[in-house]
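# Geometric and topological summary
This is what each chain is made of:
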Amino acid sequence: MKVRKYFALLTVAILTAMAACQSPTKKDDQSIPNRKWWKEAVVYQIYPRSFKDSNGDGVGDLKGIISKLDYIKSLGVDVIWLNPIYASPNHDNGYDISDYRKIMKEFGTMADFDSLLNGMHRRGLKLVLDLVVNHTSSDHEWFKQSRSSRTNPYRHFYHWWPAEKGKPAKRYSYFDVDNNAWKYDSTTNAYYLHYFARSQPDLNWENPEVRKKIYSMMRYWFDKGIDGFRMDVIPFISKDTTFPPLPKKYHGNFLHYYANGPHLHQYLHEMNQKVLSHYDIMTVAEGAGVTSDEAMNFVDPKRQELNMLYNFEVMGLGLKGGEYRDLDSNGVSLVQFKKIYTKWDSVYGERGWGTIFLGNHDMPRMVTRWGNDSPEYRELSSKMLTTFLLTMHGTPYYYFGDELGMDNIKFDSISDYRDIETLHIYEHIKETGGDLQRFLNNEKMIARDNGRTPFQWDTTANAGFTSGTPWIKVNPNYKTVNEAVEEKDPNSTLNYFRKMVQFRKNNLIMVYGKYELLDQDNPNVYAYTRELNGRKMLILLNFTDHQADAHLPVNMKNAKQLIGNYSKTAEKENPLSLRPYEAKVYQL
Ligand code: GLC
Ligand code: CA
């Protein structure tokens, strides 16, 4: 036992040393055009509700995050993105904002926010907040005014359809029990538009007064010193306010229609000119509904709009979808997965810049979705996916808890769920007499709450997340999967994440190197190279639970392994042969 541990430690020490000596050469530094801090950053996303509770009410809060800043710093990440922390009745956990300039009561006060930002900046960490401006909460003062009468000055802050004109043309709602995005309101005998829940009415961006108010609110946060915004469903903001029936070419695809409003890019450019361009900040658009050939319209620097956009295409892989959110019985096709990442990489070419992520608060846990969460492979496959995220071309967005290898909780009962999305679909299926069990089975794989369970700090009650009752159940595996235990193990998923972050930091080639896919039809292995100024690295990732080979036109004779997720080298030294979920990076 002792001997094994010694060897493990030794391997870690060697790999770390190897990683450290690959620092960028001067030549690399100088010859790279358009270097930007946000291209070189690793972003760590925190769902504040579930990170750390400081006062025992069962809900994570800002003071909780403050108490863990040293931990976050120890990961080596550069930027923290926080999901919404503004005043909200929390129907959609903060994505329904009732006051953009106040902090959510459960999360703390503005003084807490100021000390959080201060504590981050002192440690060299940057802060990105969520900008949710497609809609507000129905509790927002603007909406209360707007709905009160047809002549109220705030009436046109939202979209209203007078009932005497008949029923408005169908618009689909993502979070409505009836899937209907028009809600009738008797106060003024009119329907209002809500792409999400009824309590999330859509703002009318065609009204210049609305845009003015939003820009001033953005400046308020930038003047406080925040370092950027992640922009919630930003492609949806502009609407054709004549509300015609869904044009033919969008039939069956409301998402794409919503992302193509008539003045979208005009508004983003205006936002850039009036606000963004005045600060050294980063912006990233939630790319819902945006196809790869539209992506450059958001991020081409010449257009002066935003910096980055999430690619949503990969999120649908392995899912059949439909009302029950059925899974594809063939699972996720790795060939497709590779194709999508490769296509998006080529879109950005020389001018744009991509993003890489495998998990967030709208997705299940990455190891369950893309790896293997069985006890045998949970750690190995987590490390393999971490290797992918940190060796790809594009800014990596890493979701809190994935560094521990946290996996889906897979609730059996609807009563354990908290998410408006799951609850509303369940209600809808119930009302229409559908198969509830089928839906619940699928939710074990894809429900958003799987990614929202509390962070697992240690082996004490509730994983050390709270001294009270957590707002959502803690994953029962916390006794083994937690930060305290993983700190002590040099081979833990956590320490592997740290090593990979350092590896990326020490090798500018991992940030700026050209990406090339190899062995594209291999259904088991993802192989690619990164190349910069004559240096070349090869990344090999086995996405299966069995041994698999890469078939490459590459001479491996002088190849040197720099890092990998197995602590012992294989008995048979064939660099192109990979053990289950093995991940290796070679210098060629
Ligand atoms: C985005 C958010 C999601 C939220 C929705 C409505 O997709 O990521 O969490 O529910 O927008 O704001
Ligand atoms: Ca709390």
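Please read all numbers here as calculations on a predicted model, not as lab measurements. (Residues numbered from 1 in each chain as written. Chains lettered and ligands numbered in written order. Predicted model: local features only at pLDDT ≥ 70, side-chain atom pairs only at ≥ 80, totals over all residues. Heavy atoms only, no water.)

## Quick word on the layout of surface pockets
Applicable threshold: A cavity here means a set of 1 Å grid points, computed over protein atoms only, where a 1.4 Å probe fits but cannot escape. A pocket is an open set with protein on both sides within 12 Å along at least 5 of 7 lines, and lining residues have an atom within 4 Å of a point. Grid points are joined across faces, edges and corners, and a volume is the space filled by probe spheres set on the points. In this description a helix means any DSSP run of H or I spanning at least four residues, a strand means any run of E spanning at least two, and both kinds are numbered starting from the N terminus. Under the scheme applied, nonpolar residues are Ala, Val, Leu, Ile, Met, Phe, Trp, Tyr, Cys and Pro; charged residues are Asp, Glu, Lys and Arg; polar residues are all the others, including Gly.
If you add up the space inside the largest pocket, you get close to 1,400 Å³. Among the secondary structure elements, those contributing two or more residues to the lining of the largest pocket are α9 (254–258), β12 (319–321) and α15 (420–431). For the lining of the largest pocket, the element with the highest residue contribution is α15, accounting for four residues. Across the lining of the largest pocket, the residue classes tally to 19 nonpolar, 16 polar and twelve charged.

## Observations concerning the sheet that holds strand β16 (residues 514–518)
Using the following cut-off: Two strands qualify as a pair provided DSSP detects at least 2 bridges between them. Angular values range over 0 to 180 degrees, each being the angle between N-to-C directions of two axes fitted as lines to C-alpha atoms, with helices fitted over their stretch in contact.
Overall, antiparallel pairing links the five strands, which are arranged β16-β17-β18-β22-β20 in an open sheet. Whereas interior strands pair on both sides, the edge strands pair on one side only; in this sheet they are β16 and β20 (560–564). Ignoring which end each strand starts from, the neighbouring axes of this sheet average 25° apart. Strand direction decides the pairing type here: strand β17 (residues 525–532) and strand β18 (residues 535–542), joined by eight bridges, are antiparallel. The residue bridging L532 from the neighbouring strand is R535, located in β18.

## Some remarks on the coordination of the calcium ion (ligand 2)
For a metal bound by four donors in tetrahedral geometry, the ideal donor-metal-donor angle is 109.5 degrees, whereas six donors in octahedral geometry ideally sit at 90 or 180 degrees. The criterion, for reference: Listed donors are limited to N, O and S atoms within 2.8 Å of the metal, widened to 3.2 Å for Na, K and Ca; water is not among them, so incomplete-looking sites are possible. When accessible area is computed with a 1.4 Å probe and restricted to protein chains, residues below 20% of their type maximum are described as buried, those above 50% as exposed, and intermediate ones as partly exposed.
Donor atoms from the polypeptide that bind the calcium ion (ligand 2) are D53 (OD), N55 (OD1), D57 (OD), V59 (O) and D61 (OD), placed at 2.3 Å. All donors of the calcium ion (ligand 2) belong to a single chain; written as a sequence motif, their spacing is D-x1-N-x1-D-x1-V-x1-D. When its relative accessible area of 5% is taken as the criterion, V59 is described as buried.

## Thoughts on the sheet that holds strand β1 (residues 43–46)
Spatially, eight strands are ordered β11-β10-β9-β5-β2-β1-β15-β14 in an open sheet, and the strand pairing comes out parallel. For this open sheet the edge positions go to β11 (308–309) and β14 (355–356), each flanked by a neighbour on one side alone. Sheet analysis places strand β9 (residues 228–231) next to strand β10 (residues 282–285), joined by four bridges and oriented parallel. The residue of β10 that forms the bridge with R230 is V284.

## Observations concerning the site of ligand 1
For clarity, the cut-off: Working definition: residue near molecule or strand if any one of its non-hydrogen atoms lies within 4 Å of it. What sets the accessible areas is the Shrake-Rupley method with a 1.4 Å probe; for residues, cover comes only from the shown protein chains. For a molecule to be placed in a cavity or pocket, more than half of its atoms must lie within 2 Å of the grid points of that cavity or pocket.
Around ligand 1, 13 residues are found, and the nearest of them are D92, D232, E286, H361 and D362. For ligand 1, whose accessible area on its own is 300 Å², the fraction buried by protein is 96%. Spatially, ligand 1 is embedded in the largest pocket. Classifying every residue of the shell around ligand 1 gives four nonpolar, two polar and seven charged.

## A few points about the confidence of the model for the chain
In plain terms, the rule: Every residue carries a pLDDT, the predictor's confidence in it, which falls somewhere between 0 and 100. Any two residues whose heavy atoms approach within 4.5 Å are treated as being in contact.
Put simply, the chain has an average pLDDT of 94, and 95% of its residues get 70 or more. The low-confidence segment residues 1–25, where pLDDT is below 50, has 26 contacts with residues more than four positions distant or belonging to other chains.

## Some thoughts on the packing of helix α14 (residues 378–391) against helix α18 (residues 493–506)
The test is simple: Just so you know how the angles are binned, under 35 degrees is roughly parallel, over 145 roughly antiparallel, 65 to 115 roughly perpendicular, and the rest oblique. Crossings are classed by handedness, with left-handed meaning an anticlockwise turn of the near helix from the far one by less than a right angle and right-handed meaning a clockwise turn.
At a minimum axis separation of 10 Å, α14 and α18 run at an interaxial angle of 15°. The orientation of α14 relative to α18 falls into the category roughly parallel. In this structure, the crossing between α14 and α18 has a hand that is right-handed. On α18, the residues touching E379, S382, K383, T386, T387, L389, L390 and T391 of α14 are T493, Y496, F497, M500, V501 and R504. The class makeup of the residues in the contact of α14 with α18 is six nonpolar, five polar and three charged.

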